[in-house]
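Spelled out, the chains give:
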Amino acid sequence: MALTPTADLIADAAAHETGIGAFNVIHLETAEALVAAAERSGLGVILQISQNCVAYHADATASADAPASDGLDPIALACLALARQSTAPVAVHLDHAEDAQLARHAIDLGFGSVMFDASRLEYAANVEATATIAAYAHENGVMVEAELGEIGGKDGAHAPGVRTDPDEARSFVAETGVDALAVAVGSSHAMTAREASLDLDLITRLHAALDVPLVLHGPSGVPDDVIVAAIRAGMTKINVSTHLNGFFTRAVREFLDENPTVVDSRKYVRAGRAALSAEAERMLRLFANAGAASAVESSEGAAS
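Residues numbered from 1 in each chain as written. Predicted model: local features only at pLDDT ≥ 70, side-chain atom pairs only at ≥ 80, totals over all residues. Heavy atoms only, no water.

*Asks:* Explanation requested: the overall build of the protein chain in the structure shown.
*Replies:* A tally of helices and strands in the protein chain yields 11 helices and 10 strands. The buried share of the protein chain, taken over its 304 residues, is 50%. For the protein chain, contacts bridging at least 24 residues in sequence account for 73% of all contacts bridging at least 6. Approximately 13,000 Å² of the protein chain is accessible, and the part contributed by carbon and sulfur atoms is 50%. (Helix = DSSP H or I, 4+ residues; strand = E, 2+ residues; numbered from the N terminus. Buried < 20%, exposed > 50% of the residue type's maximum accessible area, 1.4 Å probe, protein only. Contact = heavy atoms within 4.5 Å. Areas by Shrake-Rupley, 256 points an atom, 1.4 Å probe, with all protein chains shown as cover.)

*Asks:* Can you walk me through the nonpolar core in this structure?
*Replies:* The tendency in soluble globular proteins is for nonpolar side chains to be buried as a group. Judged by nonpolar contacts, the single largest core of 76 residues is most densely connected at Phe23, Ile49 and Leu181. Each residue touching phenylalanine 23, except ones within four places of it in the same chain, is listed here: Leu34, Val45, Ile46, Leu47, Gln48, Ile238, Val240, Leu244, Ala280, Met283, Leu284 and Phe287. One finds Ile20, Ala22, Met143 and Ala182 within the second-largest nonpolar core, a separate group that totals 11 residues. (Core = buried A, V, L, I, M, F, W, Y, C linked by side-chain atoms within 4.5 Å.)

*Asks:* Before we go on, may I ask you to explain the sheet that holds strand S3 (residues 90–97) in this structure?
*Replies:* The strands making up a sheet associate through hydrogen bonds between their backbones, and the pairing can be parallel or antiparallel. Taken together, eight strands build a closed barrel; the order of strands is S1-S2-S3-S4-S5-S6-S7-S9 and the barrel is parallel. Between one strand axis and the next, the sheet turns by 25° as a mean value, whatever way the strands run. Pairing geometry for strand S4 (residues 113–116) and strand S5 (residues 143–148), over three bridges, is parallel. Among the inter-strand pairings, valine 114 is bridged to a residue of S5, identified as valine 144. (Pairing = 2+ DSSP bridges. Axes fitted to C-alpha atoms, helices over the stretch in contact; angles between N-to-C directions.)

*Asks:* What's the story with the environment of glutamate 279 in this structure? I'm lost.
*Replies:* Along the chain, the position of glutamate 279 falls in helix H11 (residues 265–288). Classification of glutamate 279 as buried rests on a relative accessible area of 4%. When the C-alpha atoms of glutamate 279 and phenylalanine 247 are compared, they prove to be 7.5 Å apart, with 32 residues separating the residues in sequence. A polar side-chain atom of glutamate 279 sits 2.8 Å from a polar atom in the side chain of arginine 282. (Polar contact = N/O pair within 3.5 Å; in protein donor to acceptor, adjacent residues only side chain to side chain.)

*Asks:* Hey, could you run me through the pattern of salt bridges in this one?
*Replies:* Oppositely charged side chains can pair when the atoms bearing their charge come close. Across all of its chains, the model carries 10 salt bridges by this definition. A salt bridge links glutamate 32 to arginine 273; its shortest N-O distance comes to 2.8 Å. Taken as a pair, glutamate 32 in helix H2 (residues 28–41) and arginine 273 in helix H11 lie far apart in primary sequence, 241 residues in all. On the accessibility criterion, glutamate 32 (25% relative accessible area) is partly exposed. For the salt bridge of glutamate 98 with arginine 120, the shortest nitrogen-to-oxygen distance reads 3.2 Å. Of this pair, glutamate 98 sits in the loop between S3 and helix H5 (100–109) while arginine 120 sits in the loop between S4 and helix H6 (123–139), and the two are 22 residues apart along the sequence. Among the charged side chains, a network of salt bridges with common partners joins Arg40, Glu281 and Arg285. (Salt bridge = Lys/Arg side-chain N within 4 Å of Asp/Glu carboxyl O.)

*Asks:* Help me understand H5 in this model?
*Replies:* Considered for burial, the residues of H5 that qualify are Leu102, Ala103, Ala106 and Ile107. One side of H5 carries all its buried residues, which in axial view fall inside an arc of 140°. Buried residues belonging to H5 abut helix H3 (51–58), helix H4 (72–85), S3, S4 and H6. With a side-chain oxygen positioned 2.8 Å from the backbone nitrogen of glutamine 101, the residue opening H5 is aspartate 99. Positive backbone phi, approximately 110°, marks glycine 110, located one or two places after H5. (Arc of directions from axis to C-beta.)

*Asks:* I would appreciate a short explanation of helix H10 (residues 242–258) in the present structure.
*Replies:* Three- or four-residue spacings in an α-helix give side chains the same orientation, since the helix completes a turn every 3.6 residues. Helix length check: H10, at 17 residues, gives a terminal C-alpha distance of 24 Å against a target of 24 Å (1.5 Å per residue), a fit within 8%. Those residues of H10 not exposed but buried are His243, Leu244, Gly246, Phe247, Phe248, Ala251 and Val252. (Expected span 1.5 Å × (residues − 1).)

*Asks:* Can you walk me through the packing of aromatic side chains in this structure?
*Replies:* Two numbers describe a pair of aromatic rings. These are the distance of the centres and the angle of the planes. Applying the stated criterion across every chain, the model contains two aromatic pairs. Positioned above the aromatic ring of tyrosine 136 is the side chain of arginine 104, whose terminal nitrogen or guanidinium carbon lies 5.9 Å from the ring centre. Geometry around phenylalanine 247 places arginine 250 over its ring, the cationic atom sitting 4.8 Å from the centre. (Phe/Tyr/Trp six-rings, centres within 6.5 Å; stacked < 30°, edge-to-face > 60°. Lys NZ or Arg CZ within 6 Å of the ring centre and 35° of its normal.)

*Asks:* Before we go on, may I ask you to explain unusual backbone geometry in this structure?
*Replies:* Apart from glycine, the bulk of residues carry a negative phi angle, and the bulk of peptide bonds sit in the trans form. A positive phi angle, near 55°, is found at glutamate 17, a position not held by glycine. In this structure, glutamate 17 sits in the loop between helix H1 (6–15) and strand S1 (20–24). Backbone geometry at histidine 96 places phi at a positive 50°, although glycine is not the residue there. Here histidine 96 is to be found in strand S3.

*Asks:* Is there a simple way to think about the confidence of the model for the protein chain in this case?
*Replies:* It should be kept in mind that the predicted coordinates are not to be read in detail where pLDDT is low. For the protein chain, the mean per-residue pLDDT works out to 88, and 84% of the residues sit at or above 70. Across residues 152–160 the pLDDT falls below 50, and counting only partners more than four positions away or on other chains, this stretch makes 19 contacts in the model. (pLDDT = per-residue confidence, 0-100.)

*Asks:* I keep staring at the pairing of strand S6 (residues 180–183) and nothing clicks. Help me out?
*Replies:* Side-chain alternation along S6 places Ala180 and Ala182 on one buried face and Leu181 and Val183 on a second face that is also buried. Bridge count between S5 and S6: four bridges; the pairing is parallel. Note that in S6 the partner of glutamate 145 across the bridge is alanine 180.

Okay, here's the thing in structure tokens:
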């Protein structure tokens, strides 16, 4: 098992018409929790490190003009080490990198995939920037994910009703050479309430139009049964962050409320790690069972 190419995990899920969980790492404890969830479930997991996460880890020592990649090595090397020693298949992925230098650095470190996000650019500029990163990644045997359409929740840049056009998506994939595509189908990043719905018909049309796997970003507010329906309609890689962060944070709050005199941070962080891991395991099983003929029952509301 151990460190596994992202492409292998995604290809396996696509072949079985199921979903693969791609969960965001915030700190070492998150990564430990996610790997433990994969090992208990016997399922693969993709550990995602975002550009925001890199910036967080660079905060303490980085100078104002330091490159975005400065905070990557410590958390990246920790995730790669956890993956290599795991008994479950674990991939390591760079999420939402808008900085080309950061994407190249992740490729050089041995990540199995990078998500290069030039979606804020006009279409032609997005194609040019993404194709450049894709070429470098492919030279190094690394998978590339990109984004087309406007997936909300990042700096308020959400326009309700904006969706990925299947014809444009087909052209974008052909022009850039990307290996997976995150599409706008109704979800929004960082939601904490279940208020979003997904355009399942559009997912079906995108799946039919493209020969690369589809990626669902930002389903925080989407109920489990709708995520399952999205997987059955053609979604493969399911990104999750806010939902899991909520489990971690609530467990820490509860522990501190019950133990107001504790000063050893390991005690309350351990509680957060355990809560996040249990929910991650549940979601891995949910996504993996989504292709089954029988309906999947969920014990919790939504994933993000």
